[in-house]
Amino acid sequence: YPLCALAVSDERPVSTQSTWESKPDFCYQNVKALTSGDGNFIAVNQKYFCVAKQGGGGPIFVHRLDQYGRFPIQHPVLNVHKSKVLDMAFNPFDDDIIATASDDCTVAITKLPPDGITENVSECTSLLRGHSKKLALVAWHPTSNNVLASVAYDRDVKVWDVNTEEEVLTMIGHEENIYDVQWNHDGSQLLTTCRDRIVRVFDPREPDAVLSVESHEGSKTSRGFWVPDVNLVGSVGFTKTSQRKVMFWDWRKMDVMVHRVDLDQAASVLCPFMDGDTGILYLAGKGDGTIRYFEY
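Residues numbered from 1 in each chain as written. Predicted model: local features only at pLDDT ≥ 70, side-chain atom pairs only at ≥ 80, totals over all residues. Heavy atoms only, no water.

(A) Representation of the packing of aromatic side chains within the structure. For the structure shown, the criterion picks out eight aromatic pairs. Aromatic side chains Y48 and F90 sit 6.0 Å apart centroid to centroid with 15° between the ring planes, which places their arrangement in the stacked category. Of this pair, Y48 sits in strand β4 (residues 48-52) while F90 sits in strand β7 (residues 85-90); the two residues are 42 residues apart in sequence, bridging distant segments of the chain. Each of the two residues, Y48 as well as F90, counts as buried. Measuring from ring centre to ring centre gives 6.2 Å for F49 and F71, while their planes differ by 40°; the resulting arrangement is tilted. (Phe/Tyr/Trp six-rings, centres within 6.5 Å; stacked < 30°, edge-to-face > 60°. Helix = DSSP H or I, 4+ residues; strand = E, 2+ residues; numbered from the N terminus. Buried < 20%, exposed > 50% of the residue type's maximum accessible area, 1.4 Å probe, protein only.)

If you want it as structure tokens, here you go:
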């Protein structure tokens, strides 16, 4: 399962220079985001992007992608929580629905106005309660509408029916805080990474992990991802000496690692984004000045 850096590929060159990146007319300026927690700090779909911000309650900016330029000082916000928002995700079936995970132990589901937010929004559509500690992550099911997974510092993964606001299942067994949660491409399995250095695969109909493997030696934040079509799961993390690396396993037989890529010595946590349609894995780190990309 080789990985090849596209940046040095003669067969399939990829431009790393945007034709409009230096033009202010096509940028979003003066965006001051809150970057605490283990989430990705930003969510985007084909209509909006959103970032959390500091302020009373849990305000977030939800901004239309086609509205470039400098953010106004009094930009309207979505503020439906009692404490800061640590993660957010747009519904893949409805561009105007967003889930937000908060320090106040709840997940809020909000239906946005069709034309975007033009004034402050303080009421959510529904509120999911069930976690005993602050939320960390949310992830929508990729093929079943209104199914959502949430992760909190109570070390549980909960699956919700958003229509009824009811908890469907709680996945257990994590001995430390959970760093990441990812559905596979059809939603038949769910992957988690954890501070206990174990990558787990769950059947969303069962509370216990069906597969697990020890991963990175370092205890710093690790992330996971699925590689569709080739039956692989991957994880980015650290060695004991803080070297960043990527590891791969065949999820059908996870006791043997099939590939490893050593990257560099750096402190920033890598965020993986796997594009299954093109076979490209993007790696971006908080504070990094570059984005790596690989193909399989």
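(B) Region of the structure containing the sheet that holds β4. Spatial strand order, β3-β4-β5: three strands in an open sheet with antiparallel pairing. The sheet terminates laterally at β3 (42-44) and β5 (60-64), the two strands that pair on one side only. Averaged over all pairs of adjacent strands, the angle between their axes in this sheet comes to 15°, without regard to strand direction. Examined bridge by bridge, β4 and β5 share five bridges and lie antiparallel to one another. Bridge pairing in β5 links V51 to F61. (Pairing = 2+ DSSP bridges. Axes fitted to C-alpha atoms, helices over the stretch in contact; angles between N-to-C directions.)

(C) Up close: the layout of surface pockets. Taken as a whole, the second largest pocket spans an internal volume of roughly 250 Å³. What lines the second largest pocket is simply N30, K32, K53, F61, F71, P72, I73, Q74, H75, P76, V77 and N120. Its residues placed into classes, the lining of the second largest pocket shows six nonpolar, four polar and two charged. (1 Å grid on protein atoms, 1.4 Å probe; cavity = no way out; pocket = protein on both sides within 12 Å on 5 of 7 lines; lining within 4 Å. Points joined across faces, edges and corners; volume = space filled by probe spheres on them. Nonpolar A, V, L, I, M, F, W, Y, C, P; charged D, E, K, R; others polar.)

(D) Examining the side chain of D203 more closely. Its place among the elements puts D203 in the loop between β17 (198-202) and β18 (209-214). For D203, a relative accessible area of 16% gives the class buried. When neighbours within four sequence positions are excluded, D203 is seen to be in contact with M171, S188 and V210. (Contact = heavy atoms within 4.5 Å.)

(E) Structural view of the pairing of β17. Burial analysis of β17 places four of its five residues in the buried class, which makes it a mostly covered element. In this structure, strand β16 (residues 190-194) lies alongside β17, joined through three bridges in antiparallel fashion. Following the sheet pairing, L191 is matched in β17 by V201. Counting the residues between successive antiparallel strands, the hairpin from β16 to β17 contains three residues, one of them, R197, with a positive phi of roughly 70°. The pairing of β17 with β18 spans five bridges and is antiparallel. The residue bridging V199 from the neighbouring strand is V213, located in β18. Remark: six residues form the turn of the hairpin made by β17 and β18, two consecutive strands paired antiparallel.

(F) Fine view of the nonpolar core. Membership of the largest hydrophobic core comes to 17 residues, with the highest contact counts inside it found for I60, V62, L78, F90, I98 and L112. At the level of secondary structure, the elements contributing two or more residues to this core comprise β4, β5 and β7. What I98 contacts, discounting residues up to four positions off in sequence, is C50, I60, L78, M88, A89, F90, A108, I109, T110 and L112. If you look at the next biggest cluster of nonpolar residues, it comprises 15 residues, including A136, V151, V159 and V181. (Core = buried A, V, L, I, M, F, W, Y, C linked by side-chain atoms within 4.5 Å.)

(G) Up close: the sheet that holds strand β11 (residues 135-140). Taking strand neighbours across the sheet as the criterion, the four strands line up as β11-β12-β13-β14 in an open arrangement whose pairing is antiparallel. A strand with exactly one partner marks an edge of an open sheet, and here the two such strands are β11 and β14 (166-171). Sheet twist, expressed as the average angle between the axes of neighbouring strands with direction ignored, equals 25°. Looking at chain direction, strand β13 (residues 157-161) and β14 are connected through five bridges and run antiparallel. Considered in β14, the bridge of W160 is made with E167.

(H) Quick look at the pattern of salt bridges. Scanning all chains against the criterion turns up 14 salt bridges. Its salt-bridge partner being D66, residue R64 comes within 3.1 Å of it at the nearest N-O pair. Given the relative accessible area of 48%, D66 is considered partly exposed. Put simply, D262 and R260 hold a salt bridge, and the shortest N to O gap is 2.7 Å. Judged by relative accessible area, which is 34%, R260 ranks as partly exposed. What you see here is one network of salt bridges that share partners, running through R244, D264, D288 and R292. (Salt bridge = Lys/Arg side-chain N within 4 Å of Asp/Glu carboxyl O.)

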